[in-house]
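One letter stands for each residue in the lines below.
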Amino acid sequence: QSLAGEVVGLLCMVLLTLTALVANTVVMIVILKTPLLRKFIFVCHLCVVDLLSAIFLMPLGIISSSSCFNRVIYSIAECQGLIFLNICFISASILTISIISVERYYYIVHPMRYEVKMTIRLAVAGVIFIWVKSVLITVLALVGWPQGNGATSASRCTVYWSPGAHKKVFLIIFSIACFVLPTIIIFAVYCSVYRVARMASQQHAPAPAQAAAPRPRSDSVVSQVTIITTRNLPLPRLMPERFLGSNKAILTLVLIVGQFLCCWLPFFAFHLHSSVAAGTVGGGHGEMVVTWIAYSSFAINPFFYGLLNRQIREELARLRRSCLNRPLSQELCLSVSEASVQENFLQFLQRASCTLETHASCISASPRNRLDQTKMGFPIPGQVPEESS
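Rules used throughout
Residues numbered from 1 in each chain as written. Predicted model: local features only at pLDDT ≥ 70, side-chain atom pairs only at ≥ 80, totals over all residues. Heavy atoms only, no water. Phe/Tyr/Trp six-rings, centres within 6.5 Å; stacked < 30°, edge-to-face > 60°. Helix = DSSP H or I, 4+ residues; strand = E, 2+ residues; numbered from the N terminus. Buried < 20%, exposed > 50% of the residue type's maximum accessible area, 1.4 Å probe, protein only. Contact = heavy atoms within 4.5 Å. Axes fitted to C-alpha atoms, helices over the stretch in contact; angles between N-to-C directions. Parallel < 35°, antiparallel > 145°, perpendicular 65-115°, else oblique. Left-handed = near helix turned anticlockwise from the far one by under 90°. Nonpolar A, V, L, I, M, F, W, Y, C, P; charged D, E, K, R; others polar. Disulfide = S-S within 2.5 Å. Expected span 1.5 Å × (residues − 1). Polar contact = N/O pair within 3.5 Å; in protein donor to acceptor, adjacent residues only side chain to side chain.

(A) Representation of the packing of aromatic side chains. As enumerated under the stated definition, the model contains 13 aromatic pairs in all. Consider the rings of Phe179 and Phe268, whose centres lie 5.1 Å apart with planes at 20°: the pair is stacked. Here Phe179 is found in helix H6 (residues 166-204), whereas its partner Phe268 is found in helix H9 (residues 235-276), with 89 residues between them in sequence. Among the residues examined, Phe179 registers a relative accessible area of 9% and is labelled buried. On the accessibility criterion, Phe268 (3% relative accessible area) is buried. Members of the aromatic cluster, connected to one another through ring pairs, are Phe170, Phe174, Phe179, Phe260, Trp264, Phe267, Phe268, Trp292, Tyr295 and Phe298.

This is the structure:
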C-alpha cells in the first residue's frame, strides 16, 4: 500500500507539472502572437510566473516530496536558493491574481475610467510592484539562516529548517501580506462586481408584465411599423440572459474565489498554525500535501484566467486551425458553439453594467435603437471587439 501510494503521488505530481507547463505556455503564446490580445498584460504575467514555477519549483518539489530521492543532498546555499524561489514565485502569483481582480473591477464597473487610466506605464508599474514586494518578503525569510558549508537532505529543505524566533514573525507577515490581504481584496472586488451586474441585468431586461399585457391592434401604418419592429426584437434572447446569465455570474465567481481558497487556504493555514502553535514542528507529509495543493494553482490558473476568456479561446482555435489546416467553416462553427455554451463572463457583466452607465439613454431609446444596441453588443475595454457577420 505504501509503494502504491508513493507511485500514485508521484504520477499526480508529474501530471500537475506537465499540465502547468503546457497550459501556461499555450495561453502565453496565444496572447503574445495576437496583437489585439496584448492588453492582457497581467494575465500574461500570471502565465509567466506560473510557467517559471512549473520549471523550477515543481520539479524540485517532486525531489523533496518523493521518497525515491531521499539521498539527494542540498548545500545551505542551494537550500536558500530553493526557499527564495519558492516564496518569491508564490508571492508573485498571488499578488498578480489580486491585481487581475482589481483590473476586472475597473473595466467592468468603470469602463471609461479604465480606458483613460489603464496605460502601459501603469501596467509596467504594477508588474514592478509585484516583484519588488515578492523579493522583499523573500529576503525576510532568509534572515538568520546558518552560514557555512553545511548540508541537509532535500526533504528537510523548508523554511522550518531556519532556526530562530524570526521564523514565526516571517510566517505571520507572509500569511498576512500574501494571503489574508489578497483574499479580502478578491472577495470585496468580486462581490461588488456581482452586485453591479445583478442590478444592471434586472434593469436591462424587459418587465414581464409589459411583455404579457396584450395591446389592441390598429390598422394604421405607424402601428404596423411598431409591431414589425417589436417582433424583430430578440426578446427570447434577453429573457434567458437575465436568469441564465445571473446564474453563470454566480457560478463563475464561486469557481474563481473557491479555486483560490481551495489551493491556498490549506497552505497558509498549515504554516500559520505551525508557526503560532507551541511545540508544533513543520515538515513531513502534512507540509508535502498542502504544498502540492498550493502548487496545483499553477496548473489551474491558465484555465480560470486565460481560457475562460472567449477571445483567447477563439484565437487558440484559429491557431489550431492554421496548424491542422482546417477549413474556415469548421472554425466558425467551433467559435459559435463555444460562445453559446460558455459565453465570456466578463462580456456578460459589461453588457449588464452598461445599463447602469447609460440608464437614461436606454429608457428613452426607441425600439430600433435598442435593436441596434443588441446587434452591436457592449465590448469590454481591453478586449477584442466582436466581429459582426
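Now that the structure has been shown, we can carry on.
(B) View of the side chain of Asn24. Checked against the element boundaries, Asn24 lands in helix H1 (residues 2-33). Residue class for Asn24 comes out buried when judged on its relative accessible area of 0%. Those residues in contact with Asn24 that lie beyond four places of it in its chain are Thr19, Leu46, Cys47, Asp50, Leu51, Phe298 and Pro302.

(C) Representation of the packing of helix H2 (residues 41-65) against helix H3 (residues 76-109) within the structure. Two elements in contact, H2 and H3, have axes whose closest approach is 9 Å; the angle formed by their N-to-C orientations is 150°. In terms of orientation, H2 and H3 fall into the roughly antiparallel class. Helix-helix and strand crossings are classified by hand; for H2 and H3 the assignment is left-handed. Residues Phe42, Val43, His45, Leu46, Val49, Asp50, Leu52, Ser53, Phe56, Leu57, Leu60 and Ser64 of H2 lie in contact with H3, whose contacting residues are Leu82, Leu85, Asn86, Phe89, Ala92, Ser93, Thr96, Ile97, Ile99, Ile100 and Glu103. In the contact of H2 with H3, the residues fall into 15 nonpolar, 6 polar and 2 charged.

(D) Region of interest: the state of the cysteines. In this structure the tally under the stated criterion is 1 disulfide. Here Cys79 is linked by a disulfide to Cys157, with a sulfur-sulfur distance of 2.0 Å. One quick way to see it: the torsion about the S-S bond of Cys79 and Cys157 is about 125°, and its sign makes the bridge right-handed. One end of the pair, Cys79, is in helix H3; the other, Cys157, is in the loop between strand S2 (151-153) and H6, and 78 residues separate them in sequence. For the residue pair Cys79 and Cys157, the accessibility class agrees, reading buried in each case.

(E) Inspection of helix H11 (residues 310-324) at higher detail. Taking 1.5 Å per residue as the helical rise, H11 with its 15 residues ought to reach 21 Å, and the 21 Å between its terminal C-alpha atoms agrees with that figure. Turning to H11, its buried residues number three or more, namely Arg310, Gln311, Ile312, Arg313, Glu314, Glu315 and Ala317. One side-chain oxygen at the N-terminal end of H11 lies 2.9 Å from the backbone nitrogen of Gln311; it belongs to Asn309. In the segment just after H11, Asn325 is the residue with positive phi, at about 55°.

That's the geometry; what it means functionally is another story.
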